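For reference, the chains in residue letters:
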Amino acid sequence: MNELQKVLRAAECIRAKMPFAPEIVLTLGSGLGDFAEDVDVVCEISYNEIDGFVTSTVPGHEGKLIFGMLEGKKVALMKGRVHLYEGYDAQDAVRPLRALKLCGASTLFLTNAAGGVNFSFSAGDLMLIRDHISPFVPSPLRGENLSEFGVRFPDMSCVYSKHLCDKVLEAAKNTGVKLQQGVYLQFPGPQYETPAEIRMFRTLGADAVGMSTAVEAIAARHAGMEVVGISCISNLACGMTDKPLSHEEVQEAATAAKGKFTALVRESIRLF
Ligand code: HPA
């Protein structure tokens, strides 16, 4: 099966089970999966019931597609995503988004846990993603172009929708949640960065670093979706404090930010 056939097959599996066509896809990052509890769940589909969906091997990434209502909007929550460091191709990582686009979704709301690179950030901050740096990871558009989705050489001058970023900023104001803004850099992982790499990334203009998301944003833009994203700054990046990094710390910090994260995402979706 070629990639297009795999995406079409995945979309067919979802359509056979979905209760409605979703407007918004919300991808939940490490430690942020509990957000699913805030949605009026209509239907849950396990990733292994959907041909072409691969499941994550990482704790905190469960592997469920949840359809529900949030602030009157029809949302599809991806509870769990796969990462390139698990050995998956970038195309595997973005197949669910492409399939959900075929099922009707026009907006992608990305969330992730990320390390803060900007010295003015603190662990526990939330950051609105204004742009990204992706050349350290393979493009999800590598290989034959899927012209059913978009053009061979898609423009990336505005990956993160200005219109939706404005809504998230308004939501931050309405809810009183402090919101940083910045550039997200995708690192291949799975090892965390070295202090020298973090210094390099800061020089390159990154404010936060993580191991997902940019490839997802690229594929969604290629497919003509509107993209918006929030990083939960779970830790300051390597070399910025004396503490060694661990996945447990990342998950704990994301869980601790749950209250403000939920309030911000909910209000953003209300305004979208
Ligand atoms: N680096 C890369 N990915 C991450 C980090 C980090 O410091 N924190 C959470 N995800």
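Just above sits the structure.
This text gives an overview of the structure that appears in the document. (Residues numbered from 1 in each chain as written. Predicted model: local features only at pLDDT ≥ 70, side-chain atom pairs only at ≥ 80, totals over all residues. Heavy atoms only, no water.)

1. Topic: the overall build of the protein chain
How we decide: Secondary structure elements are taken from DSSP: a helix is a run of H or I of four residues or more, a strand is a run of E of two residues or more, and numbering for both begins at the N terminus. For the radius of gyration, the atom set is restricted to C-alpha positions; the globular benchmark scales as 2.2 Å times the number of residues to the power 0.38. Asp and Glu count as negative and Lys and Arg as positive, but His and the ends of the chain are not part of the count. Every charge is mapped onto a representative atom, which is NZ of Lys, CZ of Arg, CG of Asp or CD of Glu.
In terms of regular secondary structure, the protein chain is built from 7 helices and 9 strands. For 272 residues, the compact-globule estimate of 2.2 N^0.38 gives 19 Å, and the protein chain sits close to it at 17 Å. Projected onto the principal axes, the alpha-carbon positions of the protein chain cover approximately 50 × 40 × 35 Å. Averaging the positions of the 27 positive and the 32 negative side-chain charges in the protein chain gives two centres separated by 4 Å.

2. Regarding the pattern of salt bridges
We apply this condition: Criterion for a salt bridge: a side-chain nitrogen of Lys or Arg within 4 Å of a carboxyl oxygen of Asp or Glu. The classification of residues rests on relative accessible area computed with a 1.4 Å probe and restricted to protein chains. Under 20% of the type maximum is buried, over 50% is exposed, and intermediate values are partly exposed.
Going through the model one piece at a time under the given rule, you end up with 15 salt bridges. In this structure, Lys-79 engages Glu-62 in a salt bridge whose closest nitrogen and oxygen atoms are separated by 2.9 Å. Of this pair, Lys-79 sits in strand E4 (residues 73–79) while Glu-62 sits in the loop between strand E2 (40–46) and strand E3 (64–70), placing them 17 residues apart in sequence. Judged by relative accessible area, which is 46%, Glu-62 ranks as partly exposed. When the shortest N-O distance is used, the salt bridge between Arg-270 and Glu-267 registers 2.9 Å. Of this pair, Arg-270 and Glu-267 both sit in helix H7 (residues 258–271), 3 residues apart, roughly one helical turn. For Arg-270, a relative accessible area of 42% puts it in the partly exposed group.

3. Some remarks on the packing of aromatic side chains
Here a ring pair, both rings aromatic, is described through the centre-centre distance and the interplanar angle of the planes. The condition that has to hold: Aromatic contacts are taken between Phe, Tyr and Trp rings whose centres are within 6.5 Å, Trp giving its six-membered ring; a plane angle under 30 degrees counts as stacked, one over 60 as edge-to-face, and the others as tilted. Counting as a charge over the ring demands two things of the Lys NZ or Arg CZ atom: a distance within 6 Å of the ring centre and an angle within 35 degrees of the ring normal.
Here the structure, examined in full by the defined rule, presents 5 aromatic pairs. Each ring, one from Phe-20 and one from Phe-67, has its centre 5.9 Å from the other, and the planes form 80 degrees; the classification is edge-to-face. A residue pair is termed long-range when its members are at least 10 positions apart, and Phe-20 in the loop between helix H1 (3–17) and strand E1 (24–28) and Phe-67 in strand E3 qualify at 47 residues. Of the two residues, Phe-20 and Phe-67, neither departs from the other in class, the shared state being buried. Ring centres of Phe-187 and Phe-201 lie 5.9 Å apart, and the angle between their planes is 65 degrees; this geometry places the pair in the edge-to-face category. Separated by 14 residues along the polypeptide, Phe-187 in the loop between strand E7 (179–186) and helix H4 (195–204) and Phe-201 in helix H4 bring together distant segments of the chain. Assigned by exposure class, Phe-187 and Phe-201 land together as buried. Here a set of aromatic residues connected by ring pairs shows up, and it is made of Phe-136, Phe-187 and Phe-201. The residue whose ring lies beneath Arg-98 is Phe-149, and the NZ or CZ to ring-centre distance is 5.7 Å.

4. Overview of the packing of helix H3 (residues 162–175) against H7
Stated precisely, the cut-off is as follows: Between N-to-C directions, angles span 0 to 180 degrees; the directions come from axes that are lines fitted to C-alpha atoms, helices contributing only their stretch in contact. Any angle from 65 to 115 degrees is called roughly perpendicular, while one under 35 is roughly parallel, one over 145 is roughly antiparallel, and all others are oblique. Handedness of each helix crossing follows the sense of rotation of the near helix against the far helix: counterclockwise by less than a right angle gives left-handed, clockwise gives right-handed. Should any heavy atoms of two residues lie within 4.5 Å, those residues are counted as being in contact. Residues are grouped as follows: nonpolar covers Ala, Val, Leu, Ile, Met, Phe, Trp, Tyr, Cys and Pro; charged covers Asp, Glu, Lys and Arg; every other residue, Gly included, is treated as polar.
The contact between H3 and H7 brings their axes to 8 Å, and the two run at 125 degrees. Classified by the interaxial angle, the pair formed by H3 and H7 is oblique. With respect to the hand of their crossing, H3 and H7 are arranged in right-handed fashion. Facing H3, whose interface residues are Lys-167, Val-168, Glu-170, Ala-171, Ala-172, Asn-174 and Thr-175, H7 presents Ala-263, Leu-264, Glu-267, Ser-268, Arg-270 and Leu-271. For the contact of H3 with H7, the per-class residue count stands at 6 nonpolar, 3 polar and 4 charged.

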